[in-house]
Each structure stands twice: as structure tokens, then as C-alpha cells.
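# Descriptive structure summary
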Amino acid sequence: MTGPYDSRELEERLDELLFPVLSSRRTAAGIAAGLAPLARAQQDLVLHWVKVAVHGAGELAYQIAAQAPHAFARFGPAEVERWILGALDVYDREGLYAASAALKDLGAFGRGVQAARSGVALAEVERMLTGFLRGLAGRALALAPDEHAWTDTETVYLPARLERYASRAQNRELYCASAAFHWGQARYGSFDTELGEASGWLPLLEAIRIEARLRRDLPGLGERLARLRDPWPARLDAARARLERPGATVRDSLALRDGLRGTPVPPAPPWCGKLDGERARAVRAARIARERTLLARELAGLREQRGLAPDAPVRLEAHRERDEFRVELAGEALAAPPALARLLASIVQDHGAIAPEWLVAAGEGALAAQAHDGARVDESGAHAEGGSLYDEWDHRRGAYRRDWCVLFESDVPQGDAAYVGAVRTRRAGAIAQLKRRFEALRDEDRLLKREPEGEDIDFDALVEAWADARGGREPSARLFTRRRRAERDIAVMIMVDMSGSTKGWVNDCEREALVMLCEALEALGDRYAIYGFSGWSRKRCESYRVKRFDEDYGEAVRARIAGIAPRDYTRMGVAVRHLAKRLAGVEARTRVLFTLSDGKPDDFHDGYRGAYGIEDTRQALIEARQAGIHPFCVTIDRAAPEYLSRLYGPARWTLVDDAGRLPLRVAEIYRRITC
Amino acid sequence: MNGPGRHPRATSAAEPRETAAEPYYQPLADEVALFGAAHAARVPVLLKGPTGCGKTRFVEYMAWRLARPLVTVACHDDLTASDLVGRYLVVNQETVWVDGPLARAVRAGALCYLDEIVEARKDTTVVIHPLADARRILPMEKRGEQLAAPDEFMLILSYNPGYQSVLKEMKASTRQRFVAIEFGYPSPELEARIVAHEGGVDDATAERLVRLGGMTRNLKGNGLDEGASTRLLVHAAKLIALGVAPRVACEGAITQALSDDADMLAAVGELARAVF
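For clarity, every value in this text was computed on a predicted model and none was experimentally measured. (Residues numbered from 1 in each chain as written. Chains lettered and ligands numbered in written order. Predicted model: local features only at pLDDT ≥ 70, side-chain atom pairs only at ≥ 80, totals over all residues. Heavy atoms only, no water.)

The phi dihedral of D403(A) is positive, around 45°, even though this residue is not glycine. With respect to the secondary-structure elements, D403(A) resides in strand 10 (residues 399–411). The backbone phi angle of R136(B) is positive, close to 50°, even though this residue is not glycine. As for its placement among the helices and strands, R136(B) is situated in the loop between helix 5 (125–132) and strand 6 (137–140). (Helix = DSSP H or I, 4+ residues; strand = E, 2+ residues; numbered from the N terminus.)

As a further point, take the pattern of salt bridges. Going through the model one piece at a time under the given rule, you end up with 58 salt bridges over all chains. A salt bridge links E59(A) to R26(A), with the shortest nitrogen-to-oxygen separation between them at 2.6 Å. Highlighted residues: E59(A) in helix 4 (residues 58–74) and R26(A) in the loop between helix 1 (7–18) and helix 2 (29–35), separated in sequence by 33 residues. The exposure class of E59(A) is partly exposed, given its relative accessible area of 22%. A salt bridge links D263(B) to R127(A), with the nearest nitrogen and oxygen atoms 3.1 Å apart. Of the two residues, D263(B) is situated in helix 11 (residues 262–275) and R127(A) in helix 8 (residues 122–137); the pairing between them involves two chains. (Salt bridge = Lys/Arg side-chain N within 4 Å of Asp/Glu carboxyl O. Buried < 20%, exposed > 50% of the residue type's maximum accessible area, 1.4 Å probe, protein only.)

Turning to the sheet that holds strand 8 (residues 154–159) of chain B, a few remarks are in order. Within a sheet, adjacent strands bond to each other through the backbone by hydrogen bonds, running parallel or antiparallel. Residues and elements named next belong to chain B. If you walk across this open sheet you meet the 5 strands as 2-5-8-1-9, and the pairing is parallel. On the outer flanks of this sheet lie strand 2 (70–74) and strand 9 (179–182), each paired with one strand and no other. Adjacent strand axes in the sheet meet at a mean angle of 20° when their direction is disregarded. In this structure, strand 1 (residues 45–48) lies alongside strand 9, joined through 4 bridges in parallel fashion. Of the residues in strand 9, the one forming a bridge with L47 is I181. Helix-sheet contacts for helix 4 (residues 101–108) involve strand 2, strand 5 (111–115) and strand 8, and the interaxial angle to strand 2 is about 165°. (Pairing = 2+ DSSP bridges. Axes fitted to C-alpha atoms, helices over the stretch in contact; angles between N-to-C directions. Contact = heavy atoms within 4.5 Å.)

Okay, the sheet that holds strand 15 (residues 527–535) of chain A next. Residue and element names in this part refer to chain A. Taking strand neighbours across the sheet as the criterion, the 8 strands line up as 9-10-16-15-14-17-18-19 in an open arrangement whose pairing is mixed. Bordering the open sheet on either side are strand 9 (388–394) and strand 19 (653–655), each of which pairs with just one other strand. Ignoring which end each strand starts from, the neighbouring axes of this sheet average 25° apart. Examined bridge by bridge, strand 10 and strand 16 (residues 541–547) share 5 bridges and lie parallel to one another. Within strand 16, the position partnered with E409 by the bridge is S543. Against the sheet, helix 25 (residues 662–674) makes contact with strand 14 (490–497), strand 17 (590–597), strand 18 (629–635) and strand 19, and its axis sits at roughly 155° relative to strand 17, the strand it touches most.

Now the structure itself:
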């Protein structure tokens, strides 16, 4: 191991790395002096990160070098790296000012390091808790971070991080308890009436009542809540006697609150958050209105199905205490269809029973209102701008940039409707040949002979074996034929480069190749989708729909193939991630991501050009492979051998060096890789 | 490996057998009457429903009620028409015909239950269709023979419409030959009775298990492919009856059986801990 750099050597290196942010008045001498006492490994780490950060975050790189000695005084190398990565993340999100503040606040980082060892983030348990709550509630309850725990009956808000206990298991347990308790508020009617001023005594009284209810219905959960809190103070005994009765409601809590007003409130259990009666009631009212229309629609559907008049009498029996429903229509009992059963389950959670006025038929107006409502809910679920966010891999950091790219999906504008027809006429001979060859592959059953077992006797083998046996030779035991189904179960996502570099006849060749590929795939019966991609900086990545998986190769698709035109740059990683996600949603034994490309990943913006883009695309392809997708690339870029092996692996790409031959070759290449 | 001449697959539990004791069965709705009428009318039946909700038990019960032998074939993706009809085997230097389970059922006038029919190969429709319509014959192509089914013979298929796979759709031409009976999970009270009886646990434990089952069914399509079936609840109950701690029993019999996804395992585990 070589010894540490002295401050002169360090200054030289820093001058070289940091020259964009240095000036005659601001030299690297000071920070070099600060770094000089560090060990060589520490110095190397700092120099490495300065080099990484100086791309796009020059000023921050300077500050990293300046603060690094303080960081090393407190933390080990892994934590220092985390400290730097954290600051770079803040820089990406909030800019230099916030990032340099984060760098300097080593105290906060230190507390974070401590808490990271025992604390639990909501993000870590979110999926588990969502499942847990859905199981408990029978309807979707969203989770969202907030400073305090509370619920509006549709979303349970929980702190983004819990660090109350010294062990992760306990903090996790607190998350479960808190989520379940706030579900319990909605379940056991905390919002059944006006709560008035809901701080002070009321949350505590409701905590006592709901814990008692939970202990009856879900004993394991009730015990857990009790274990996580301090014992209730003795002066609450009288209140508890009232609240723990089976029939106690929120009105009992309200009555008790009035009596206790003015006395000091004991500390609330750790799983008990705030009560926001007003917001909960507003959300609940909206849901009730929505469900009422939905119920009317379900009942109208049932009546119609049975050929009954729209006002045929309905009797519904549902009980909050028992998840059981009786549906009686025109005097006939019937099983509730699953959609209706779920709806009823949700309604009785709010009401305890189904009110008779809910059962009358609703007119068209109600249905229209519901449809509108549904649309709005969907919109709010997506991102405001209508784009989806994707991470991007920064090879210099060796880490993802979170939610770095915004991708928009849209249809390719339809082009000349006659284009595909013209190609088909021009290539009629080649297409006919393709079809014959590809049809032969479809669901081909192969008869395997001389198998040790099978459905039928292989008489040739039998005769031979018999002859062998007669002749004193050892007969073969492989006497059967077996049919092996070679059923194709392939879904292929065709990803078409629509970057500006495809302009001109390359684009023509691509479109023609697509036509040939579509003809082949139609003959083969594989499911396929076609999407183009292009991008212009990380904020505007585009994916263009040509054909969805569930769409037929019809007029509209053909017109869109004709409409494929060169756009901007080749920001490829985000496109791979997006289309791989689409592909992963398709049920198939084999999933292929088939890329038609004319060059390497490239975007003039945000330093995507060069190694960054290649490494990000490579990472995206690795992610796709981990998701069980087989990526393959056909390219016309003669420089491809330099980078495609790194991207796809040695046997996962093909170069068609003459773009003019692309249409004839592509279908054949596809056949080769999927048979 | 099976040696030559021994025929693997699809033949287990395929001997026509009389069901001796009355199988425990709790009717959900009118399925008993409907099935009985279909048998009398010589119309085949299709049982639709999720796994473990009692379809097989129902068929056993009906076989007992109708006093007919029962042949059950669990279908799999390598099950061919000849597996059902029969084949030639080589015995003592001669080729000998051996009936398959379907042919044996037809000859015996049994109930033949093809469980999870969509799993079988498509060529099985060749033998199912002529048996399932007015012809009621089993073509035995290799013997150049057609076997006419006696009046007592009945074909029953089961099918789980919950599979999301597009490959496992049932063709309209097949399903329209059958009277369909839909099976769902029993109501909580009924299911608790079933779990208590089959699993040998007290009513309170059975109710808790049913509650847990209901909660896992809430997760269907949201992380789980299926919720816990009655069968899984009975499994858990049996373990509990043998002295296994309820949480441990639920973990083994229910949680782990439902998923391999760590988050979903944790969620179901928490639900089990909430109940017990």
C-alpha cells in the first residue's frame, strides 16, 4: 500500500478535478490541507467521489472534499459513502442549497446512522401493511406518510419512519399495531357522529374502546395493542368499565369526555394517533354516495339479468358483526355476486346495516355520476403530469437516481393507411414464404420415438427389440412413442427505435421490417405488441404505442406503423424499463423484448451520452432479465459489436449490416431465437 | 422411472369404487337436487369454483347418494386421450388392450370425475364431446370400437374460472355440453361448522380460522392468487387439534401455502397473529 498523498499532491489532483469551480480567489489549497492527514484509502475515496460529483454537481463536489475530513472523523468509509450519496440525491431533488446543508449537518446524518440500525421506514413495510389492512378491512385502504398517525377512513396515515424502540422488530410491530388500530377507528364507528373538538381526552377514550373491541374480535391483535402500551391509569377504571362493554359506541366516549374535561390527559398509547373527525366524515360521505350509486347499479344489473322489472322488490340483509349477506330479489334468495358482496361488506362497515332507501332503483343519472366519479379516482391515482417516473442507473455513483426520468406514453399518430398494403403487395412473394414456414411451427406436436415411456408403442422399436431378444442380444427398453406438445406460449414486445438518427431510408427499412414481422407473428400466433421510443432529456421520455398486446393487427395498427417517424434522442434505459414492465404484465411462458435499433443509447441531455447511457441501458436490461424477460436486439449499427455484447450479452444480438436487408432478415431472426 | 409396460399417470384412484360410508358434506344451496336431476336426465355436469371449496367432496357425496361407483382422474398437462381411453401394452410377447379410467367408468356405469379438466391436453375433447352430448358414446379409435354409455354413467368435469392464464380458458363448445353448478366458499357459519367437523376443533377455534380465511380472501387479486380455501382451513384445524399452537399451525397450513412473496407472507402472518 502506498502512503497517503501530501497536501501538494492532493492540491494538484483537486485542481485538475475541480477546475470548473475554482478560481484565483478560491483554490484547492485549503481542502487539500484538510485531506492530507487522512489515510490513503480515505483520500482515494474522497477523490473518487469528487470525480463522480463534479459531473453536473461541481460546486457540491467542492463541498464534499471540504467536509470529508469531518465526516471521516465520525464515520467509517461505508457510511461516508452513504453520506455523499444522500447529498447527491438531495442535490438532484432540491438543488445545491439543500444539498450543501445536508452535507454539513453531520449530526443529523449521525442520528440517522444510529436510527437506521433499529428504525423501520414506512416504505419498507408498506406492501406488507397494505396487504394486512386489505385483509382486515376487505376493501382497499391506502397508506401514506404523515407526521402523526391518523385516518380519514380511506387512507391510513402513518409516520414515514418509526424509531421509538431499539429493535427493528418492535418498531415493525408498532407499525402493524398502529395501522390496525386506525383501521379499527373506522371499523368500530369512531366517525359515526360529530366529534367536535377531537384532541385531548377523546382519542384516548376511543383507544380504550377500540382496543376492547379488537380484543374480542381479533384477540391476537388486541393483546398486541395492550402489550405495546403502558397500563391504563387506575383513575380511568370507571371510564373503562363503560367503554369496554360490548355495546359501547363513540357516544359513550363523547359522554365521558364531557365529564373528564379539564382534568389532565394521560399519555396516549404509542399506536394511537390523532382523530380528525371532520376530514374522516367528509371522505366517508363521499364514499357512501359513491357506494350507494354502485349498489343501485349492481341491483339494476341483477334485476335485468333475471328479467325482472326495475322496481322489483329487493331485500338485503347484512350485518356489521358477521360478514354474511342475504340477497332476496322478488322473493327469491340468491347468492351475491362477488362484486356485490364486496360492496355490501364495505357499506356495512360504514353503516352497520343496509338502509331500505338504498334499495330502490336508481335512474340513469346516478349511473352517469358514478362513471364520472370513477374516472376522477383513476386520474388522481396517476401522476399529475400524466407521466410515469422511473429510476435511472448512474454508474459513476453505482446507485440509482430515484424517479429520475418522466416517461409519457401516447399513440403514434396514424400515417398513410395504404402504406402497409403497398408493402404487402411489393413483398408478396417473401410474405407468402414466411407464412408457410411460420405456420408450420404453430402448435407443432412432435412425436418422439424410442422413449422409455409414452402413450403408444413404437412398433419399429418393438420389432427390433423382439428380434434382438430372439437373437440372444439384450433388447432395448425404449419401446414407446410420446407426443410432446411444442405449444408456443410466447409474448414478444417489439421495441422500435424512433430516434432522430433513423431519419430517411433507415426509417423506411424499419417500418418495412415491422410489416414483415407482423405478418410472420400473425401466422405464428404469438402475442405481440409494438412500441416506439425516443426521448429528449430525462423530463420528456416518450414511449409511442403502435400496437398493444390486446389489439388486433387491423386498420388502426397498420396506419400507426405507417406513422412511425424519427423523433429525438435514444434515451434507452427508461424505455427498456417501461416496456419490460408492460411485458411483465402479460401471461406467457416466454417473454421476449425484441429491439430494433440503429445505434447506441444516446441523449444529448443530462450527460446521458457515452458510458452513462450504455451503463444505464445495461442495468435496465439486467433488471428485465431478472423479471424473466429475454431481451434481444437487432441492430444496423456497424459499430454495435463495441457495445452490444456489454448490453445484451454475447449471443443476444444480431447485426444486419445492410439496412436494406432488414425487412427480409428480421422475421427469420425472430424465428431463430424463439424456436 | 417407470419401466416399459408399466403405465404411469392418471391411473391412480381410477378403479371404479363404491363409496362405502356417507361422506361428510354440507350443502351450500340446491346443488344436490340439481346434480341428482342431471344424473336422472343423463346430462353431464360441470363444477365451477375455486380450489378447495368442496367440489371433490361433493362428487364423492353424490356418488354415495346415487349408489354409483366413482372414478376420479386428476388432470394434468400431459394427460392425453389415450390416457383416458386405454392403450395396448406388451404382456408376455403379446399386445394386450388395457382400458383407461374413462373406459372403465363407462363400462361400470360409474360417475367419472375429471378434476381440473383445463389442465388436460386438447385432444381429450375428442373423447369428452361424444360422451357429453346426446350420443353418449366413447370412441375407442385404436380398437375401432365405440362404447355406449349405460344410463347410470355420468361425466363430471371441474374447472376453476379464477385462473388468470389465457391458456386455461375452457372452450365454449365444451362447456355448453354441461349443466354448470357454481361453487363458492360456504357462508362463515356453515364454513365454521365444516372446519369444526372436519378439523376436529371447537367452534370458537373454527370461527377464528374462518375469520382468517375470509381475510385472506380479501387479498385475492391484490397480492394473492387465491385466498385460503376451506381445505386449508381444515388442514390448520387438524394441526391445532393435534396440539400445534394456532399461530404455528396457521403459518404452516395457511400462510406458507398461499404465497412465496415475502411481503404477502408477512401480511398473512400478521392477519393470523391478529386472529390468534
